[in-house]
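So you can see what is in the structure, the chains are spelled out below.
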Amino acid sequence: MEQNPKQKAAIEKLQNEMNEHKDDAYIQAIGQFLIQQIEKIESAAEAILTTDKTVKKSLEVMKNEAKRKAVNGFAIFTPDEGFALVLKYFDIKTEKIEVPEVKLSVKKASRFDVKLDDFL
């Protein structure tokens, strides 16, 4: 599908933000999800081009919603719920949310090796 100028501009806006936050796996995952939406939903590009809306701010919305939903200081979203919050934040209307396979890189912690003799 040929991209129109708004789609190109919206994708460029997302890619710029993703490049600024290369180490943030959440911004990468949501940015990729939004690029997919631009390719499927005609109105998505215009919604994303709204100047003050960013992927990072959509994470803040998710964080605030998690605080509101939390029980005993803990909340969790399904992928559907998380991506639905992002779409709502950007005001993108869709019939069905197709959740992409999210690949988050997890850094392995170095092995913690201590012997009692080390403290004596």
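Preceding block: the structure.
Rules used throughout
- Residues numbered from 1 in each chain as written.
- Predicted model: local features only at pLDDT ≥ 70, side-chain atom pairs only at ≥ 80, totals over all residues.
- Heavy atoms only, no water.
- Core = buried A, V, L, I, M, F, W, Y, C linked by side-chain atoms within 4.5 Å.
- Buried < 20%, exposed > 50% of the residue type's maximum accessible area, 1.4 Å probe, protein only.
- Helix = DSSP H or I, 4+ residues; strand = E, 2+ residues; numbered from the N terminus.
- Contact = heavy atoms within 4.5 Å.
- Phe/Tyr/Trp six-rings, centres within 6.5 Å; stacked < 30°, edge-to-face > 60°.
- Salt bridge = Lys/Arg side-chain N within 4 Å of Asp/Glu carboxyl O.
- Axes fitted to C-alpha atoms, helices over the stretch in contact; angles between N-to-C directions.
- Parallel < 35°, antiparallel > 145°, perpendicular 65-115°, else oblique.
- Nonpolar A, V, L, I, M, F, W, Y, C, P; charged D, E, K, R; others polar.

Enquirer: I tried to follow the nonpolar core on my own but got confused; where do I start?
Expert: Counting 24 residues, the largest nonpolar core has Leu14, Ile30, Leu34, Ile38, Ile48, Phe90 and Ile92 as the members making the most contacts within it. Residue assignment for this core shows that the elements contributing at least two residues are helix H1 (5-20), helix H2 (25-40), helix H3 (44-48), helix H4 (55-69) and helix H5 (79-90). Aside from chain neighbours lying at most four places away, what touches Ile38 is Gln7, Ala10, Ile11, Leu14, Ala44, Ala45 and Ile48.

Enquirer: Would you explain the packing of aromatic side chains in this entry?
Expert: Here a ring pair, both rings aromatic, is described through the centre-centre distance and the interplanar angle of the planes. Summed over all chains, the structure comprises 2 aromatic pairs. Considering the side-chain rings of Tyr89 and Phe90, the 4.9 Å spacing of their centres and the 80 degrees angle between planes classify their relative orientation as edge-to-face. Considered together, Tyr89 and Phe90 belong to a single accessibility category, that of buried residues.

Enquirer: How should the pattern of salt bridges be read in this particular structure?
Expert: Oppositely charged side chains can form a pair if their charged atoms are brought close together. Inspection of the entire model under this criterion finds 4 salt bridges. A salt bridge links Glu81 to Lys69; the nearest nitrogen and oxygen atoms lie 3.5 Å apart. On the criterion of sequence distance, the pair formed by Glu81 in helix H5 and Lys69 in helix H4 is long-range, its members being 12 residues apart. When the shortest N-O distance is used, the salt bridge between Asp91 and Lys93 registers 2.7 Å.

Enquirer: Even after reading the chapter, I still don't get the environment of Phe83, so can you show me in this structure?
Expert: One can find Phe83 in helix H5. Separated by 15 residues in the primary sequence, Phe83 and Glu98 have C-alpha atoms spaced 9.0 Å apart.

Enquirer: What exactly am I supposed to notice about the packing of H2 against H4 here?
Expert: Packed helices, taken two at a time, are described by the angle their axes make and the gap between the axes. The interhelical angle for the contact between H2 and H4, taken along N-to-C directions, is 105 degrees, at an axis separation of 10 Å. Taken together, H2 and H4 sit at an angle that is classed as roughly perpendicular. Taking contact as the criterion, the partners of Tyr26, Ile27, Ile30, Gly31 and Leu34 in H2 are, on H4, Val55, Lys56, Ser58, Leu59 and Met62. Considered class by class, the residues forming the contact of H2 with H4 number 7 nonpolar, 2 polar and 1 charged.

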